[in-house]
Amino acid sequence: MTINFNGLATGIDTTTLIEGIMAADRKPIDRLKSDKEYQSARLDAYGVLSGSLDKLLTDVKALNSSDNLLAKKASFTGESLVTATTTTKDAIEGSYQIRSYSFAQVEKDVSQGYADKAATSFGTGTLVITTGTTTPVSHNITIDSSNNSLEGIVKAINDAGIGVKAAIINDGTSTPYRLVVSGTKAGDPADVGFTIDVSGLTGGSYANPIFTETQPASQAHISVDGVDLYSNSNVFTDAIPGTTLTLDKADNGATVSTMTILQDKDVVKGKIQNFVNSYNQIMTFVSSQSAKDGKTAGLLAGDSGMNTIKRHLQNILTNMVDTGGNFKSLAELGLETQRDGTLVLNNDTLDNALATDLDGVVSLLAGNGTKDGISVQFETYLKAMTDSREGFLASRQNSINRIMDRIDNRITQMQTRLDQREKTLQQQFSAMEELVSGLNAQGDYLTQQMSMLANIWSSKK
């Protein structure tokens, strides 16, 4: 092991001296680290651009479906009894008179109360539960000394898996524990109702449960324009073509609700505005990378590929597309280009286009079934640019990653050499200290000998 005397012999602060030498020698590594930070920042910048292109691609896809663009919406006059969701563009427009009668519900039967839910005090034998009345099916459940408690009966019913479930409730009285048996499906009582026969249980200090039906099984019941409709859930999918109704309130037909289904032009406007916002985000980002008006250039300044993306998107934006409708370009829908390359949506122009020829607007955007709309041109180009393996952004990111890997390798190599150099300097300075220390010792010895000789010489005079 090298011993570092740190200037004991020479008076030189060798530790500080070595640190200074190594700091100077490490400057190339510091520059490499700075280069890596710069490349990492560029990688982040490409990530921002990639995210913006992905967002634009998503918004373009939303314009490439007539089903999405020709959505319908439901509104209500007076009290709303249902929630209406238009599921396709084929939802039939018009007004509908709706009444609601009852919710879909399962049957619930509740027993009298008992003082102890864990006491094995019931009789033993066979508990019979019969499900359905049109085609009844009986299920025998064995109750013996291992399960003749309220908790045991609940478990036995649930373990049987017969289309009913059991639970214990606490009603807060002196005999609080009551057995509740519920069906697992709502619907026609003839199909999902059940009966419980406890006559097969004998003995025991607790009386056999006596069940009271607190809620009968039933189907959801509504009427649309006087036509009665039933469902085993509270959802009606076929009451109105292309529209799903979910029952929110049932009042036995006392209230009439008027539902109107119309074309929802706000959907088209919203999707076009989303496109404009995403497009502007890209234009703004690309412009921010250029040095102008005294501003510092961005990290991607001078990237010709990035500027090519901007020009290509601008070219698609101004393309003329003839899909047989009245509109041939996005400018006719109110998309106006500004000097900085961003877009402004003229709502008056768009509203007029939607009011006069909605089908023409949709045809320009999504195509007419035989010819693609302008959204397909955007989608095709953006998919190529954002492809995770061969796209523009992937190639840039892969290139930067390779540069950063080379920098890491160079740093590792240089650091290995610097570690060896520092070790060598420590050994050299330690050897110098040892040498000087030895010379100092010899000098002290010679000085002592000369002093002795001088003393001897003086004494002989």
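Just above sits the structure.
The rules behind each value
- Residues numbered from 1 in each chain as written.
- Predicted model: local features only at pLDDT ≥ 70, side-chain atom pairs only at ≥ 80, totals over all residues.
- Heavy atoms only, no water.
- 1 Å grid on protein atoms, 1.4 Å probe; cavity = no way out; pocket = protein on both sides within 12 Å on 5 of 7 lines; lining within 4 Å.
- Points joined across faces, edges and corners; volume = space filled by probe spheres on them.
- Helix = DSSP H or I, 4+ residues; strand = E, 2+ residues; numbered from the N terminus.
- Nonpolar A, V, L, I, M, F, W, Y, C, P; charged D, E, K, R; others polar.
- Patch = residues over 30% accessible without salt bridge, like charges linked within 9 Å, V, L, I, M, F, W, Y side chains within 5 Å.
- Areas by Shrake-Rupley, 256 points an atom, 1.4 Å probe, with all protein chains shown as cover.
- Salt bridge = Lys/Arg side-chain N within 4 Å of Asp/Glu carboxyl O.
- Contact = heavy atoms within 4.5 Å.
- Polar contact = N/O pair within 3.5 Å; in protein donor to acceptor, adjacent residues only side chain to side chain.
- Buried < 20%, exposed > 50% of the residue type's maximum accessible area, 1.4 Å probe, protein only.
- Pairing = 2+ DSSP bridges.
- Axes fitted to C-alpha atoms, helices over the stretch in contact; angles between N-to-C directions.

### Thoughts on empty space enclosed by the protein
- Evaluation of the coordinates by the stated rule reveals one cavity of 30 Å³ or more.
- What the largest cavity holds in volume is close to 60 Å³.
- Taken together, V60, L63, I272, F275, L330, L335, L365, I374, S375 and F378 make up the lining of the largest cavity.
- Mapped by element, the contributors of at least two residues to the lining of the largest cavity are α6 (265-288) and α10 (374-386).
- It is α10 that provides the largest number of residues to the lining of the largest cavity, a total of three residues.
- Of the residues that constitute the lining of the largest cavity, the class distribution is nine nonpolar, one polar and no charged.

### Examining a nonpolar patch on the surface
- Nonpolar side chains collect at one region of the surface, where M450, L453 and I456 lie side by side and expose about 320 Å² of accessible area between them.
- In this structure, M450 sits in helix α11 (residues 392-460).

### Here we look at the environment of A220
- Turning to its location among the elements, A220 is positioned in strand β12 (residues 220-224).
- Note: C-alpha distance between A220 and A186 (34 residues apart in sequence) is 8.6 Å.
- Discounting residues that sit within four places of it in the chain, A220 has contacts with S102, F103, A104, L229, Y230, S231, S233, N234, F236 and L247.

### Describing the side chain of T131
- Note that T131 resides in strand β5 (residues 124-131).
- In terms of polar contacts, T131 uses its side chain to reach the side chain of H139, at 3.3 Å.
- Aside from chain neighbours lying at most four places away, what touches T131 is P136, V137, H139, I162, V164, G193 and F194.

### Focus on unusual backbone geometry
- With phi around 55 degrees, D225 is a residue other than glycine that occupies positive phi space.
- Note on placement: D225 falls in the loop between β12 and β13 (227-231).
- The backbone phi angle of N252 is positive, close to 60 degrees, even though this residue is not glycine.
- Inspection of the secondary structure assignment puts N252 in the loop between β15 (243-247) and β16 (257-263).

### What to know about the side chain of K72
- With respect to the helices, strands and loops of the structure, K72 is situated in strand β1 (residues 72-77).
- The class for K72 is buried, based on a relative accessible area of 10%.

### A short note on the sheet that holds strand β3 (residues 94-102)
- Taken together, five strands build an open sheet; the order of strands is β1-β16-β3-β12-β13 and the sheet is antiparallel. Since the sheet does not close on itself, it has two edges, and those belong to β1 and β13, each with one partner. Geometrically, the sheet is characterised by an average inter-axis angle of 30 degrees between neighbouring strands, direction not taken into account.
- Pairing between β1 and β16: six bridges, direction antiparallel. Following the sheet pairing, K73 is matched in β16 by L262.

Note that every value here comes from positions in space, so none of it alone points to a role or purpose.
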